[in-house]
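Here is what each chain is made of, one letter per residue.
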Amino acid sequence: MIYNEEYETLPREVLEVLQLKRLKQAVQRVYHTVGFYRHSFDQAGVQPDDIKTLDDLKRFPFTTKQDLRDNYPFGMFAVPMSSVVSLHASSGTTGRSTVVGYTKRDIDTWSELMARSFVAAGLTKNDIIHNAYGYGLFTGGLGAHYGAVRLGASVIPMSGGNTKRQIMILQDFGPTAICCTPSYALNLAEQGKAMGVDMRSLKLRVGVFGAEPWSEKMRQEIENAFGITALNIFGLSEIMGPGVAMECIEGRHGMHVFEDHFLVETINPDTGEILPPGEVGELVFTTITKEAFPLIRYRTRDISRLIPEPCRCGRTFLRMDRVTGRSDDMLIIRGVNVFPSQIEAVLLAIPGVEPHYQLIVDRTGNLDTIEIQVEVGEQIFANADEVKVLQNMERQIVKDIKDYLGVSAKVKLVEPMTLQRFEGKASRVLDKRRI
Ligand code: DLL
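Residues numbered from 1 in each chain as written. Predicted model: local features only at pLDDT ≥ 70, side-chain atom pairs only at ≥ 80, totals over all residues. Heavy atoms only, no water.

1. Side note on the overall build of the protein
Heads up, the rule is: Counting from the N terminus, the helices are the DSSP runs of H or I reaching at least four residues and the strands are the DSSP runs of E reaching at least two. Note that the radius of gyration is over C-alpha atoms, with the globule rule given as 2.2 Å times the number of residues to the power 0.38. For every residue, the accessible area (1.4 Å probe, protein chains only) is compared with the maximum for its type, and the residue is labelled buried under 20%, exposed over 50%, or partly exposed between those bounds. Residue contacts are counted whenever heavy atoms from the two residues lie within 4.5 Å of one another.
Within the protein one finds twelve helices and 21 strands. Radius of gyration (C-alpha) of the protein: 22 Å, near the 22 Å computed for a compact globule of 435 residues. When burial is assessed residue by residue, the protein has 55% of its 435 residues classed as buried. Long-range pairs, those at least 24 residues apart, make up 64% of the contacts in the protein between residues at least 6 apart in sequence.

2. Regarding the pairing of strand β19 (residues 367-376)
Here is the rule we go by: Strands are labelled as partners when DSSP assigns at least two bridges between them.
Counting buried residues in β19 gives eight out of ten residues, a clear majority hidden from the surface. Here nine bridges tie strand β18 (residues 353-364) to β19, and the two strands are oriented antiparallel to one another. Looking at the pairing, Val361 lines up with Ile370 of β19. The turn joining β18 and β19, which pair antiparallel and follow one another in sequence, is formed by two residues; a positive phi near 65° is taken by Gly365. Bridge count for β19 against strand β20 (residues 410-414) is five bridges, and the pairing is parallel. Each residue of the ladder has a partner; that of Glu375, found in β20, is Val414.

3. Things to note about the sheet that holds strand β4 (residues 154-156)
For the record, the criterion: Helix axes use the C-alpha atoms of the stretch in contact, all axes being lines fitted to C-alpha atoms, and the angles between their N-to-C directions lie in the range 0 to 180 degrees.
Taken together, nine strands build an open sheet; the order of strands is β4-β3-β5-β6-β7-β8-β9-β14-β13 and the sheet is mixed. Two strands lie at the open edges of the sheet, namely β4 and β13 (306-307), each paired on one side alone. The sheet contact formed by strand β3 (residues 128-131) and strand β5 (residues 177-180) spans three bridges and is parallel. Bridge pairing links Asn131 to Cys179 in β5. Packed on one face of the sheet, helix α5 (residues 104-120) meets β3, β5, β6 (206-210), β7 (229-236) and β8 (241-247) and runs near 30° to β8. Along the sheet, helix α9 (residues 216-226) makes contact with β6, β7 and β8, crossing β7 at roughly 130°.

4. Quick look at the environment of Arg421
This is how it is decided: Polar contacts here mean pairs of N or O atoms no more than 3.5 Å apart (in protein, one a potential hydrogen donor and the other a potential acceptor; neighbouring residues in sequence count only if both atoms are side-chain atoms).
When you line up the elements, Arg421 lands in the loop between β20 and β21 (429-431). As for Arg421 and Pro242, which are separated by 179 residues in sequence, their C-alpha atoms are 23 Å apart. Filtering out sequence-adjacent residues up to four positions away, Arg421 remains in contact with Asn187, Glu190, His356 and Glu375. A distance of 2.9 Å separates a polar atom in the side chain of Arg421 from a polar atom in the side chain of Glu375.

5. Remarks on the site of the ligand
Worth spelling out the cut-off: We call a residue near a molecule or strand whenever a single non-hydrogen atom of that residue lies within 4 Å of it. Calculation of accessible area relied on Shrake-Rupley with a 1.4 Å probe; when residues are assessed, cover is drawn exclusively from the protein chains displayed. Three residue categories are used. Nonpolar comprises Ala, Val, Leu, Ile, Met, Phe, Trp, Tyr, Cys and Pro, charged comprises Asp, Glu, Lys and Arg, and polar comprises the others, including Gly.
As a structural note, the neighbourhood of the ligand is formed by 23 residues, with Asn232, Ile233, Ser237, Asp302 and Lys425 the closest of them. Here a nitrogen atom of the ligand and a backbone polar atom of Pro213 are 3.5 Å apart. Compared with its free state, where it exposes 610 Å², the ligand has 96% of that area covered by protein. If you list the elements that add at least two residues to the shell around the ligand, you get α6 (139-151), β7 and β8. A per-element tally of the shell around the ligand places β7 first, with five residues. Looking at side-chain class alone, the shell around the ligand contains nine nonpolar, nine polar and five charged residues.

6. As for the nonpolar core
Applicable threshold: Put simply, buried Ala, Val, Leu, Ile, Met, Phe, Trp, Tyr and Cys residues joined by side-chain atoms within 4.5 Å make one nonpolar core.
Of all hydrophobic cores here, the largest spans 76 residues; its most connected members are Tyr37, Phe41, Phe118, Phe234, Phe285 and Met320. Per-element tally for this core: the top contributor is α5, with eight residues. Of all hydrophobic cores here, the second largest spans 25 residues; its members include Val361, Val374, Met393 and Ile397.

7. Details of the sheet that holds strand β12 (residues 298-304)
Strand order in the open sheet formed by four strands is β10-β11-β12-β15, with antiparallel pairing between adjacent strands. The open sheet has two free edges, formed respectively by β10 (262-267) and β15 (325-326), since each of these has just one partner strand. Of the pairings in the sheet, the one linking strand β11 (residues 281-287) to β12 comprises four bridges and is antiparallel in character. For Phe285, the partnering residue across the bridge sits in β12 and is Tyr298.

8. Quick look at α5
Given 3.6 residues to a turn, an α-helix orients residues that are three or four positions apart in the same direction. Filter applied, for reference: Given the number of residues in a helix, its expected span is that number minus one, multiplied by 1.5 Å.
Given a rise of 1.5 Å per residue, 17 residues ought to cover 24 Å, and the 24 Å separating the end C-alpha atoms of α5 matches this to within 8%. Counting buried positions along α5 yields 14 of 17 residues, so the element is predominantly enclosed.

9. Side note on the domain arrangement of the protein
What counts is decided by this rule: Domain borders in the structure are assigned automatically or taken from a domain database. Put simply, buried area is the surface a 1.4 Å probe can reach on two separate parts but cannot reach once they are joined, added for both. Counted as salt bridges are all cases of a side-chain nitrogen of Lys or Arg within 4 Å of a carboxyl oxygen of Asp or Glu.
Splitting the protein by domain gives domain 1 (69-328) and domain 2 (336-431). The gap between the C-alpha centroids of domain 1 and domain 2 is 28 Å. Taken over both partners, the interface formed by domain 1 and domain 2 buries close to 1,600 Å², and the fraction arising from carbon and sulfur atoms is 55%. Applying the counting criterion to the domain 1 and domain 2 interface returns one salt bridge. Glu190 is the salt-bridge partner of Arg421, the closest N and O atoms lying 2.5 Å from each other.

The structure is reproduced here in structure tokens:
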């Protein structure tokens, strides 16, 4: 099923005409309403009229997180506060958070894109959606809520936390879909098990998970734990919140970018050079319909690739692959670049290893060190040969990390339920070199 068939299945050449028209308007608007853009376009020697084709966008300068910080809190808004009906802020791991604003029409667009996302996940107005994304300044909770209401589904506004209560509601209200971060989904599954609840016998059939990187292995873990189909949703506050791109249940591979509202490019993060579709690089988004907080060529720092092949679902929008990490999350261990998600993929391929891990990066003398703390399944401790099994497993992890990622790691296997659990985005890296 497709929520907005007319737009979501536009032939590419018609879509491009629409994109160009919207892009021209967007560039004009920011030039005349946001001081930052007037200055940055003037400095780069480009004018709104220079947009004659979609390709001309590449002549325009990037917008970075630093630009948003420099204009904190409202300097990038393109409308007066009287037209802003809602504010959100990104969590921001370092420094000040980024404040984003929405007009009434922006909220309308966002609601539609989240409704499209739910329909792409196979949901209809007959579904009950358990929404465990945090409500508040974080865009996850309210964004999903707006979409569920637009679709006409029944939304349970759970927000994050209070895990035991969430399990009770899952049992009593019988939701058919759940939304939360993938790490929180695992946390829920684990708590449910501890409470003696069979999570597979709940009414849930679909999960819409995002807001943090996760792997295919993690998808399998979640699907097995709940007996559901787990789908990936992508977004960021600066561009809108959740619902910038969504995986469809038909394709289950890559997330369709809602290209009638956002233009997407991939660039080489070091040189800024545009990469051909299919190559891995940093995602750059341009909003072409946003009113309150429009962004031109925003560098997300998210690393992914675009999937140019058409999808069997009939949507004509390009897909983006899983985000493997953020260029600023990339760890450089003795000169080798590794993303936490790559370590996750290696760990979860080893039987008996649980999807709960923590990476501790440090420096001894001039040498970077990385310790991987990871939980092992309970069944291992029931084994008579426990010590031997653990030693073998540890050796296997060290070897696989070295073989696949080229990094020498120290591995510490820990007992079930000893590492921290998360209610929102997981934070898996402790980089003591930065402290
Ligand atoms: O996380 C919006 C969101 C809410 C998306 C709920 C999906 C579901 P921010 O807090 O601004 O917004 O964080 C945005 O989270 O730049 C990515 O690094 C990461 N991210 C979001 N979705 C995914 C995903 C929300 N599906 C940042 N896979 C982004 C990997 C993701 N990373």
